[in-house]
Amino acid sequence: MSRIAQTFAALKEKGNTGLVCFITAGDPAPELTVPLLHALVAGGADVLELGVPFSDPMAEGPVIQRACERALTFGVSMTDVFAQVAEFRKTNEHTPVVLMGYANPIERMGQSEFVRRAKAAGADGAIVVDYPPEECEAFAAEMKANGLDMIFLLAPTSTTERVKQVARHGSGFSYYVSLKGVTGAGGIDTADVAKRVAAIREHVKLPIGVGFGIRDAATAKSVAAVADAVVIGSRIIQELENTPKEQGPAAVRAFVAGIREALDAR
């Protein structure tokens, strides 16, 4: 059983909702990435998403686009991301780390080499925005054979066939994008989320995390009523943007702790 599966099984046993938190590797500075990962865990994150900086992050809104731009000014590469995960693993062996990014850097490195290096670094899975399940069956199988989970996105526009494809090829958890649009956009219609998550559960037996648009404790709490996990990214990046660099880990920890408290109070 993967670290992600173990985490969700433990959450289910306790009756708790998972908290998945995102930062971009290298933002606001490369030396802060590992301290920020530890700060997220200290605040109550159950799963970490570490964004791989990319020059054309098509699914991201302006907040995460800016984070990618800042990281790229430092020259942060996939190799650096692997090194950051390995450094994090020296003092944290239990919290799952999911690499989130785009196909181009993986294709440039080679899929098998990516899998090998991700495993060696201590990563637990990947979300690749522009790898649809019908086009990466072999990659998903290679990931799974190496103990890594391939996590796919589902959206309000996903067809029943796409949901079934995710059920066949995905592992770890499924990520439901609650909005039509990019990360950080708009507000969430929780009634619609509940309806669509219920429809997904008819085919997908994996835990379902809901993200895009969760910005505060109240929204997280309402989404938690229908999801196995809530996913927060843009709002954490904004916290970093509005805080002096040296205070970033403390600010992120405090923000995440507020979300965790709301989830646990349900």
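Residues numbered from 1 in each chain as written. Predicted model: local features only at pLDDT ≥ 70, side-chain atom pairs only at ≥ 80, totals over all residues. Heavy atoms only, no water.

Per an unreviewed UniProt entry, the protein chain goes by the name Tryptophan synthase alpha chain and belongs to Massilia pinisoli. Per its UniProt entry, the protein chain bears the Subunit (unreviewed entry) comment "Tetramer of two alpha and two beta chains." Per UniProt, the comment on the protein chain under Function (unreviewed entry) is "The alpha subunit is responsible for the aldol cleavage of indoleglycerol phosphate to indole and glyceraldehyde 3-phosphate." (UniProt positions renumbered as here; feature names shortened; annotations may be inferred.)

**As for the sheet that holds strand β7 (residues 174–177)**
Ordered in space as β5-β4-β3-β2-β1-β9-β8-β7-β6, the nine strands form an open sheet in which the pairing is parallel. In the strand order of this sheet, the two ends are held by β5 (149–150) and β6 (153–154), each with one partner. Here strand β8 (residues 208–211) runs beside strand β9 (residues 229–232); their pairing, made up of two bridges, is parallel. The residue of β9 that forms the bridge with Val210 is Val230. (Pairing = 2+ DSSP bridges. Helix = DSSP H or I, 4+ residues; strand = E, 2+ residues; numbered from the N terminus.)

**Structural notes on helix α9 (residues 190–201)**
Here α9 contains twelve residues, and its C-alpha end-to-end distance of 16 Å stays within 8% of the 16 Å for a straight helix at 1.5 Å per residue. Buried residues along α9 sit against β6, α8 (160–169), β7 and β8. (Expected span 1.5 Å × (residues − 1). Contact = heavy atoms within 4.5 Å.)

**Digging into helix α7 (residues 137–145)**
Buried within α7 are the following residues: Phe139, Ala140 and Met143. The buried residues of α7 all sit within an arc of 100° when viewed along its axis, so they share a single face. Exposed and facing more than 90 degrees away from the buried side of α7 are Glu137, Ala138 and Ala145. Once α7 ends, the next one or two residues include Gly147, with phi positive near 75°. (Buried < 20%, exposed > 50% of the residue type's maximum accessible area, 1.4 Å probe, protein only. Arc of directions from axis to C-beta.)

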